[in-house]
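Secondary and tertiary structure notes
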Amino acid sequence: MLGPKVLLRALVLCATLGSTPMAMAAETEGDMVLSAPVPAREETRLVLPDIPELESRPRAIVLQIPDGDTLRLTDRRVIRLACIDAPDLALSQPTLFTNQELREENFHVEKDEETQAKGTKKGQRSRRHVEQYFAVEARDALRKLALKRHVTLRAEASRKDPQGRLLADVVLEDGTSLAAFLVENGFAYVVHDLHFPQGYLDALYALQQKAMQARRGFWGRILELEAARLPWTGNTETRLFYSGNDVRSQQIKPRLRMYFGTLLDAFSSGYAPARSRDFWPAADKK
């Protein structure tokens, strides 16, 4: 005969799982209740068969997470989450880039003569950051999700960004894609990368669209900025968009130009900012 306490727990669990009291009786015997596992959100489980694991050392453990899209592994490799970009934290020291890197049309690099550091070598520039809105939140969310966890690295080929970080899709043991998690929750936006399967990119774009519609994470503020109502010019080849103040927008070949009436239009069309500092606010100082 089940005691009142055990029977009460069985009734509560039945209401949750849709079982009958008698069917649950055996599971609650001995004053022990079995709870159903909570599955990961389906959207974040982007383990796609057409993204192969890295040929060299695909398994690793996350040692440090310095920002919202970078991982340092216990084997000393530094990983840049591919196909996304999170708001930037302030840099404590200048980062140097060669002239070749500065000429590249890359959303990570800015050509700004005013930031040229004194005493740097010829052919180099320094970049100074102001901490961007939601940068700390993105980093902390990634730390909570992936720090000290076992991960698998996926990419068609081993490639590095201009800062020497290995580009990869990073997946937890339960199948959660870190990039998908960040995009889904408004901690990062999608950046088109032709080196990754279109199906993977389409899944990220779908998550981004839902995040924008729900105004999750940084989207609630970014899409309400005054700059969000300004027109933008996109490059159909690179899938990057530019403000009217960016000289590079005038250098796009006419056949490659795409015009957007608002910031939402640009993001919804699968484009990413060539330089987010044109509109992204600085972090709130507490």
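The structure displayed is predicted, hence computed values, not measured ones.

Calculation rules
- Residues numbered from 1 in each chain as written.
- Predicted model: local features only at pLDDT ≥ 70, side-chain atom pairs only at ≥ 80, totals over all residues.
- Heavy atoms only, no water.
- Helix = DSSP H or I, 4+ residues; strand = E, 2+ residues; numbered from the N terminus.
- Contact = heavy atoms within 4.5 Å.
- Pairing = 2+ DSSP bridges.
- pLDDT = per-residue confidence, 0-100.
- Axes fitted to C-alpha atoms, helices over the stretch in contact; angles between N-to-C directions.

This part is about the environment of Val 151. Inspection of the secondary structure puts Val 151 in strand S7 (residues 150-154). The spacing of Val 151 and Val 62 is 89 residues in sequence and 7.2 Å in space, taken between C-alpha atoms. Contact partners of Val 151, with chain neighbours within four places excluded, come to Pro 58, Arg 59, Ala 60, Val 62, Val 170, Val 171 and Leu 172.

Our next topic: the sheet that holds strand S10 (residues 232-235). Strand order in the open sheet formed by 4 strands is S12-S10-S11-S13, with mixed pairing between adjacent strands. Strand pairing shows two members of the sheet lacking a second neighbour, strand S12 (257-260) and strand S13 (272-273), which therefore form its edges. In this structure, strand S11 (residues 240-242) lies alongside S13, joined through 2 bridges in parallel fashion. If you follow Leu 240 over to S13, its bridge partner there is Ala 272.

So, on to the confidence of the model for the protein. Per-residue confidence for the protein gives a mean pLDDT of 79; residues scoring 70 or more make up 69%. Low pLDDT (under 50) marks residues 4-41, which in the prediction has 29 contacts with non-local residues, meaning those over four places away or in another chain. Considering only residues more than four positions removed or in separate chains, one finds that residues 92-126, a stretch of pLDDT under 50, has 56 contacts.

This part takes up the sheet that holds strand S2 (residues 70-73). Note on sheets: strands pair through backbone hydrogen bonds, and any given pair is parallel or antiparallel. Taken in spatial order, the 5 strands line up as S1-S2-S3-S8-S7 and close into a barrel, and their pairing is mixed. Neighbour to neighbour, the strand axes of the sheet diverge by 60° on average, direction disregarded. When strand S1 (residues 59-67) meets S2, the two strands line up antiparallel, connected through 3 bridges. Bridge pairing in S2 links Gln 64 to Arg 72. Across the face of the sheet, helix H4 (residues 135-146) comes into contact with S1, S2, strand S3 (78-81) and strand S8 (166-172) while running at roughly 155° to S1.

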